[in-house]
Amino acid sequence: MLKSRTFLKKTRAGGVMKIVREHYLRDDIGCGASGCAACGSAHEGPVLEPQPLDRVSSLCPQPHYLLPDTNVLLHQIDVLEDPAIRNVIVLQTVLQEVRNRSAPVYKRIRDVTNNQEKHFYTFTNEHHRETYVEQLQGETSNDRNDRAIRVAAKWYNEHLKKMSAENQLRVIFITNDRKNKEKAIEEGIPAFTCEEYVKSLTANPELIDRLACLSEEGNEIDSGKIIFSEHLPLSKLQQGIKSGAYLQGTFRASRENYLEATVWVHGDTEDNKELKTAVSEKMLKPTGRVVGIIRRNWRPYCGMLSKSDIKESRRHLFTPADKRIPRIRIETRQASTLEGQRIIVAIDGWPRNSRYPNGHFVKNLGEVGDKETETEVLLLEHDVPHQPFSQAVLSLLPKMPWSITEKDMKNREDLRHLCVCSVDPPGCTDIDDALHCRELENGNLEVGVHIADVSYFIRPGNALDQESARRGTTVYLCEKRIDMVPELLSSNLCSLRSNVDRLAFSCIWEMNHNAEILKTRFTKSVINSKASLTYAEAQMRIDSATMNDSITTSLRGLNKLAKILKKGRIENGALTLSSPEVRFHMDSETHDPIDLQTKELRETNSMVEEFMLLANISVAKKIHEEFPEHALLRKHPAPPPSNYEILVKAAKSKNLEIKTDTAKALADSLDRADSLTFPYLNTLLRILATRCMMQAVYFCSGMDTDFHHYGLASPIYTHFTSPIRRYADIIVHRLLAVAVGADCTYPELTNKHKLAELCKNLNFRHKMAQYAQRASVAFHTQLFFKSKGIVSEEAYILFVRKNALVVLIPKYGLEGTVFFEEKDKPKPRLTYDDEIPSLKIEDTVFHIFDKVKVKIMLDSSNLQHQKIRMSLVEPQIPGISVPTDTSNMDISEPETKKKKLQK
């Protein structure tokens, strides 16, 4: 059956266009109930259970299915996800509304409907002949959708009566909308609020804790004295944005200081234009206040329950692990059980008469301090997608055993004869890249970088592609790797392991012996790596006087060229900065860290890096040449001059000059900055220089004009060499494949707006992965010092603060803070000098880069936030005692920062 609507639309040119929209209705859409004779085989297999007697409800003791409305799906998703809730009918109308209002909830509900054990059935009521309703004249879209939901619920009950009158199988309508519930009851539909129904499940009292704290209309509870001024309604916000009275942007609270925040203004093309709560005296920036919220970014939060002192109270405060988030008031009957546990809580709303937002308990993660629990917490807190891959994703993987076919060889070059090898860290299973170098007949050298052809296995738009895009990157923790793609691909079919045929995308140069590029070509290929080496193994071959096999000869050629390439990059102004990386040695049985040291870098690390950089630059040029508006590139903005203040002052305190006019000037200054009496000085300066840098970001070439990569001193750059672990590289592979005629394009690939949105997600995922990795290192460092006890080590001062010293311990690559103020104890005489910079404690003066000795131990006084505590051992300061408890201490910024905040 076909229904059509016709309406007229005015065009920009002033003409009138006739629009006809067709809507098809069918009578062969199944109800989803198993054993329904009326539907027969209209649906694929049973979805709703015939006798759902496991869920006993005092309101509806007979067998029943649930049919929730949109607000219940949006606000009570935690209840619906609980194993106790099964046999739910999700209407097409509801699903469409949820999709438009909340992408995260839509994703969650789709995951639930794909879980066969939950028995959720999606009913396409909008295309069913008997459940489709047209919008009436004067009826709002919301009222029409409410009516459509009621019509579907009524049809279901009448339909199920015909199917099984003796079993009295019913459909219960769940809604928190009072008027909608009243209309449903008037129409003979059994209807309850979500709270009424959950409280009727006598066998599952713990489910009550998962109810969102909302009024019956879905709004926040609101009564009593007003504490916070109201935000403006959306209509006024939109008017103000349009007129220019208000600016729309993304609010980001500082991770270091929750009292500071930045608003990045939307549509602003200037890299550094922003609203801030702090004002720089040298670089004035506007300040502002939040007048309204267009879309919240609330998520479930990890933390601990602060049990109420009132006996038998069900209302308690939850303290999030993220210090930027306020405490949350929740109601729970499980307070005694949840004490000392890491739990997840979701925010439901923040009444204007309450100092705390309202929320509800979601999940118990486990005991505080447990390694698995803490790993789960850091993944959740940094929004790292880490759930197992869904069946829809796994179904798209190749069936094993897999091998390369003749069809695969089409548009692909056979390079299995080349002496290709990979060089990676020990234990690496996701090998993205391999290299080769050989001498040509004309005396020149052929050098190839061969990258895993992941895009062959991940095709645009399917579930595997969507999940990879969502994850964005592989996340490496100390003991765990969260893969971007399923393990069959990451550690097997895409990994360029030795002595197996693998599909690759190759970048091949012809060079002379001075590493000058004469020709560049790109080709899809098949390779067979002759060796999978670690950096140490490759270095041993290069240095060996007895080894002269083809692999070793290739490595020596690569290493010689890499040194020339690196020298040229540095001469052009590329920065060589330093940041201490930590490697843990784990106990093979307990998996606890037993040793902690900074990573050792060899020539072979630099060798691999040089050719990866060269491949990325070569590919960036090619895809921008072919797709000037749609290339996915990576840029590194130059820091503003104010960023370098601390570096320049620190160098000046050691009688050294650092110039920051250009990257070349900075690189040359760092190269010259050395001291025979202080050999570690140059490393400290480079570490400090990294703190001055801006974040490198992905962007679409058609949406930006500044392509420059400051750190590499390259006019153009992208990521091509790690498609197993970075989704950006997969897009770059697709662009390059189209550019060289090895694959076809698709609409999203040449849509710069969609590419810009993708880059936004990739930048966020990359940043969160970095934070998660640092948090993992911090946690394992705590475990190490917990078992180690108190140790004393040499350290260097990195920063001086108003009341503390920030020090770096080279042996462990560990950074920490030494405090000189303690609550409830006499405060020492502290004098901070911003210009030198230095901190005078009583009569002892400390400068940046001074060498000190510190005592290190784990501070467990705060169970929620255990941390490494440091105290000064040498030089000793007369009259200063070492702090015994730092649980309530906060590091203070210099006095000048305080003045800025007061402004």
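Please refer to the structure placed before this passage.
Residues numbered from 1 in each chain as written. Predicted model: local features only at pLDDT ≥ 70, side-chain atom pairs only at ≥ 80, totals over all residues. Heavy atoms only, no water.

(A) Just the nonpolar core, in detail. Among the nonpolar cores identified, the biggest contains 87 residues, and F611 and L632 are the most heavily contacted of them. Discounting residues that sit within four places of it in the chain, L632 has contacts with I623, Y698, F699, T718, A728, I731, V732, L735, L755, C759 and L762. Of all hydrophobic cores here, the second largest spans 54 residues; its members include L66, A84, A153 and Y197. (Core = buried A, V, L, I, M, F, W, Y, C linked by side-chain atoms within 4.5 Å. Buried < 20%, exposed > 50% of the residue type's maximum accessible area, 1.4 Å probe, protein only. Contact = heavy atoms within 4.5 Å.)

(B) Quick peek at empty space enclosed by the protein. Using the criterion set out here, one finds three cavities of 30 Å³ or more in the structure. The volume enclosed by the largest cavity comes to roughly 70 Å³. Around the largest cavity, the lining residues are L66, P68, V72, V79, L80, I85, I174, C194, Y197 and V198. For the lining of the largest cavity, the secondary-structure elements that each account for two or more residues are β3 (64-68), α2 (77-81) and α7 (194-199). For the lining of the largest cavity, the element with the most residues is α7, which contributes three residues. Here the lining of the largest cavity is composed, by residue class, of ten nonpolar, no polar and no charged. (1 Å grid on protein atoms, 1.4 Å probe; cavity = no way out; pocket = protein on both sides within 12 Å on 5 of 7 lines; lining within 4 Å. Points joined across faces, edges and corners; volume = space filled by probe spheres on them. Helix = DSSP H or I, 4+ residues; strand = E, 2+ residues; numbered from the N terminus. Nonpolar A, V, L, I, M, F, W, Y, C, P; charged D, E, K, R; others polar.)

(C) Focus on the pairing of strand β35 (residues 851-859). Two strands pair when backbone bridges link them, and strand β29 (residues 791-800) and β35 are joined in this way by six bridges, in the antiparallel orientation. Each bridged residue has a counterpart across the sheet, and for Y796 the counterpart in β35 is K851. The sheet contact formed by β35 and strand β36 (residues 867-874) spans seven bridges and is antiparallel. Paired with D859 across the bridge in β36 is K867. (Pairing = 2+ DSSP bridges.)

(D) Up close: the packing of helix α14 (residues 535-543) against helix α16 (residues 603-626). α16 packs onto α14 with a crossing angle of 100° between their chain directions and a minimal axis gap of 8 Å. By the criterion of interaxial angle, the relationship of α14 to α16 is roughly perpendicular. On α16, the residues touching Y535, A538, Q539 and I542 of α14 are E603, T604, N605, M607 and V608. (Axes fitted to C-alpha atoms, helices over the stretch in contact; angles between N-to-C directions. Parallel < 35°, antiparallel > 145°, perpendicular 65-115°, else oblique.)

(E) Structural view of the packing of aromatic side chains. Within this structure, the stated rule accounts for twelve aromatic pairs. Centroid distance Y456 to F457: 4.8 Å. Interplanar angle 85°. Geometry classified as edge-to-face. Residue F457 is classed as buried on the basis of its relative accessible area, which comes to 9%. An aromatic cluster is present here, built from F123, W155 and Y156 joined pairwise through their rings. Over the ring of F389 we find R471; its NZ or CZ atom is 3.9 Å from the centre of that ring. Directly above the ring of F699 sits K635, whose terminal nitrogen or CZ lies 5.6 Å from the centroid. (Phe/Tyr/Trp six-rings, centres within 6.5 Å; stacked < 30°, edge-to-face > 60°. Lys NZ or Arg CZ within 6 Å of the ring centre and 35° of its normal.)

(F) Geometry of the environment of N115. You can see N115 is positioned in the loop between α4 (103-114) and β5 (120-123). Once the C-alpha coordinates of N115 and S390 are considered, the two residues, 275 residues apart in sequence, prove to be 9.0 Å apart.

(G) Local environment of unusual backbone geometry. Cis rather than trans, the peptide bond between M400 and P401 has omega equal to 0°. Mapped onto the secondary structure, P401 falls in the loop between α11 (391-394) and β16 (413-414). Between I836 and P837 the backbone carries a cis peptide bond, its omega angle lying at -20°. Notably, D383 is not glycine yet its phi reads approximately 55°, a positive angle. Along the chain, D383 turns up in the loop between α10 (371-381) and α11.

(H) Focus on a nonpolar patch on the surface. Taken together, the side chains of F251, V290 and I293 define a hydrophobic patch exposed on the protein surface, amounting to about 260 Å² of accessible area. As for its placement among the helices and strands, V290 is situated in the loop between β10 (275-276) and β11 (301-306). (Patch = residues over 30% accessible without salt bridge, like charges linked within 9 Å, V, L, I, M, F, W, Y side chains within 5 Å. Areas by Shrake-Rupley, 256 points an atom, 1.4 Å probe, with all protein chains shown as cover. Salt bridge = Lys/Arg side-chain N within 4 Å of Asp/Glu carboxyl O.)

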